[in-house]
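# Coordinate inspection notes
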Amino acid sequence: MLSAGGSVGEYAECAAAALGDGGAFVITSCNYTADELRGFFEAPRRNRSRASSDSGGAPEEEAPACSSSWRFEYVDQIRYPTFRFGGAQGAAVSTVAFRLLRDTES
């Protein structure tokens with residue numbers, strides 16, 4: 001789904017492409033907090049059209065205004081046991097569920 005070195009934004013785009021409207025997406029991370037995951041996935045986005053690498057065009061161009069815009073909506077998260085270390089409290093892992101919402105603009 002995502003190539004090595006891909007960004008969280010690219011991961012969100014890949015997940016959205018694999019889901020239908022209202023589809024559920026659950027992500028577990030040992031690198032990000034639940035709040036950080038929400039920040040990455042809840043931002044509204046617009047589909048992008050990707051130019052072919054053979055065409056010599058730019059790697060990504062904005063899609064036309066008639067294309068679909070989308071965002072992930074927070075649904076819930078798993079509450080794991082927390083621990084305190086170095087004055088901070090947190091969990092070793094975060095799991096967050098989202099729902100895909102698409103809006104088609106005309």
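These numbers come from a predicted model, not from an experiment. Residue numbers restart at each chain and count upward from 1, following the sequence in its written direction. Side-chain atom pairs in this predicted model are given and counted only at pLDDT of 80 or more, local residue features only at pLDDT of at least 70, and totals for whole chains, interfaces and linings cover all residues. Hydrogens are left out, water is left out, and the side-chain values use all remaining heavy atoms of the structure.

For the rest of this paragraph, the subject is the confidence of the model for the protein. You can read pLDDT as the predictor saying how much it trusts each residue, on a scale of 0 to 100. Residues of the protein with pLDDT of at least 70 account for 72%, and the chain-wide mean is 78. Labels follow the DSSP assignment, with helices taken as runs of H or I lasting at least four residues and strands as runs of E lasting at least two, numbered in each case from the N terminus. Across the protein, the element-wise mean pLDDT spans from 45 in strand E4 (residues 60-62) up to 95 in strand E1 (residues 24-29). A low-confidence stretch, residues 49-67 stays under pLDDT 50, and its non-local contacts, those more than four residues away or across chains, total 28 contacts. By definition in these notes, contact holds between two residues if any of their heavy atoms fall within 4.5 Å.

Our focus in this paragraph is the nonpolar core. What tends to happen in soluble globular proteins is that the nonpolar side chains get buried as a cluster. Buried Ala, Val, Leu, Ile, Met, Phe, Trp, Tyr and Cys residues that are joined via side-chain atoms within 4.5 Å together make up what is termed a nonpolar core. The cut-offs for exposure are 20% and 50% of the maximum accessible area for each residue type, with area from a 1.4 Å probe on protein chains only; residues under the lower value are buried, those over the upper are exposed, and the others partly exposed. Within the largest apolar cluster, 14 residues are counted, with the highest numbers of intra-cluster contacts made by Phe25, Ile27, Phe41, Trp70, Phe72, Phe98 and Leu100. Apart from residues lying up to four places away in sequence, Leu100 is in contact with Ala16, Leu19, Gly20, Asp21, Gly22, Gly23, Trp70, Arg71 and Phe72.

What follows concerns the packing of aromatic side chains. The criterion for an aromatic pair is that two Phe, Tyr or Trp rings (for Trp, the six-membered ring) have centres within 6.5 Å, with stacked assigned to planes under 30 degrees apart, edge-to-face to planes over 60 apart and tilted to the rest. On inspection of all chains with the given rule, the structure shows 10 aromatic pairs. Between Tyr11 and Phe41 the ring centres are 6.3 Å apart and the planes differ by 85 degrees, which places this aromatic pair in the edge-to-face class. Taken together, the positions of Tyr11 in helix H1 (residues 8-18) and Phe41 in helix H2 (residues 34-41) put the pair 30 residues apart, joining distant regions of the chain. With relative accessibility at 1%, the residue Phe41 sits in the buried group. For the pair Phe25 and Phe98, a centre-to-centre distance of 6.5 Å together with 25 degrees between the ring planes defines the contact as stacked. Of this pair, Phe25 sits in strand E1 while Phe98 is found in strand E8 (residues 94-104), placing the two residues 73 residues apart along the sequence. Considered together, Phe25 and Phe98 belong to a single accessibility category, that of buried residues. Feature note: the residues Tyr11, Phe25, Phe41, Trp70, Phe72 and Phe98 constitute an aromatic cluster, connected by ring pairs. Distance and angle both matter: a charge sits over a ring if NZ of Lys or CZ of Arg is within 6 Å of the ring centre and within 35 degrees of the ring normal. The aromatic ring of Tyr74 is capped on one face by Arg38, whose charged end is 3.7 Å from the ring centroid.

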